[in-house]
Amino acid sequence: MLYGKEHVARYQATDGAEGHEWQGTTTLILTTTGRRSGERHDTPLIYQRHGDDFLVVASKGGADNPPLWYLNLQADPEVGVQVLGDRFTARARTAAPEEKPELWQIMTAAWPAYDEYQTKTGREIPVVVLERVTA
């Protein structure tokens, strides 16, 4: 099973032929800029489509602290995204309270464990919307 840096490396080297399909769902590679280091960080994340947008969840397995990639995109919402061989720039935003229930349902259909993760923490686990930036 691919995980972490190996997952990213195989995904990028094969345009997602290895790594896009993962444990019965699909993943993309999210590239954020470190809020302190300024360095690029690539993270494989489960995703789903919502219209033209891509959705990811900042769950960190139900940890009380959000994942570092989420903190990074809050500081700089311009991110890189790779879905299979499609690489593009996107603007990341946290789903608004009124849209989150629908988006959460889409994501839990793809990865039911998100509901369990939410029960492990007092923090509201965000759904992140990645909107492609057009030239």
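Residues numbered from 1 in each chain as written. Predicted model: local features only at pLDDT ≥ 70, side-chain atom pairs only at ≥ 80, totals over all residues. Heavy atoms only, no water.

## Describing the pairing of strand 7 (residues 86-94)
When a strand is regular, its side chains alternate between the sheet's two faces.
1) Next: Two strands pair when backbone bridges link them, and strand 6 (residues 78-83) and strand 7 are joined in this way by 6 bridges, in the antiparallel orientation. Directly across from G80, in strand 7, lies its bridge partner T89.
2) Next: Connecting strand 6 to the antiparallel partner strand 7 that follows it, the hairpin turn spans 2 residues, and L84 within it adopts a positive phi of roughly 55 degrees.
3) Next: Bridge count between strand 7 and strand 8 (residues 127-132): 5 bridges; the pairing is antiparallel. Residue pairing across strands places A92 opposite L130, the latter belonging to strand 8. (Pairing = 2+ DSSP bridges. Helix = DSSP H or I, 4+ residues; strand = E, 2+ residues; numbered from the N terminus.)

## A look at the pattern of salt bridges
1) Next: In the structure shown here, the tally under the stated rule is 8 salt bridges.
2) Next: With a shortest N-O distance of 2.5 Å, R93 and E99 are connected by a salt bridge.
3) Next: A relative accessible area of 29% means that R93 is categorised as partly exposed.
4) Next: For E99, a relative accessible area of 21% translates into the label partly exposed.
5) Next: A single salt-bridge network, built from bridges that share partners, covers R93, E99 and E131. (Salt bridge = Lys/Arg side-chain N within 4 Å of Asp/Glu carboxyl O. Buried < 20%, exposed > 50% of the residue type's maximum accessible area, 1.4 Å probe, protein only.)

## Concerning the side chain of S59
1) Next: Among the structural elements, S59 can be located in the loop between strand 5 (53-57) and helix 2 (68-75).
2) Next: Apart from the residues lying within four places of it in its own chain, the contact partners of S59 are P67, Y114, Y117, R123 and I125. (Contact = heavy atoms within 4.5 Å.)

## With respect to unusual backbone geometry
1) Next: Here K60, not a glycine, exhibits a phi torsion of approximately 50 degrees, which is positive.
2) Next: Among the structural elements, K60 can be located in the loop between strand 5 and helix 2.
3) Next: One non-glycine residue, L84, lies in positive phi territory at about 55 degrees.
4) Next: Topologically, L84 is positioned in the loop between strand 6 and strand 7.
5) Next: For L84, a relative accessible area of 37% corresponds to the partly exposed category.

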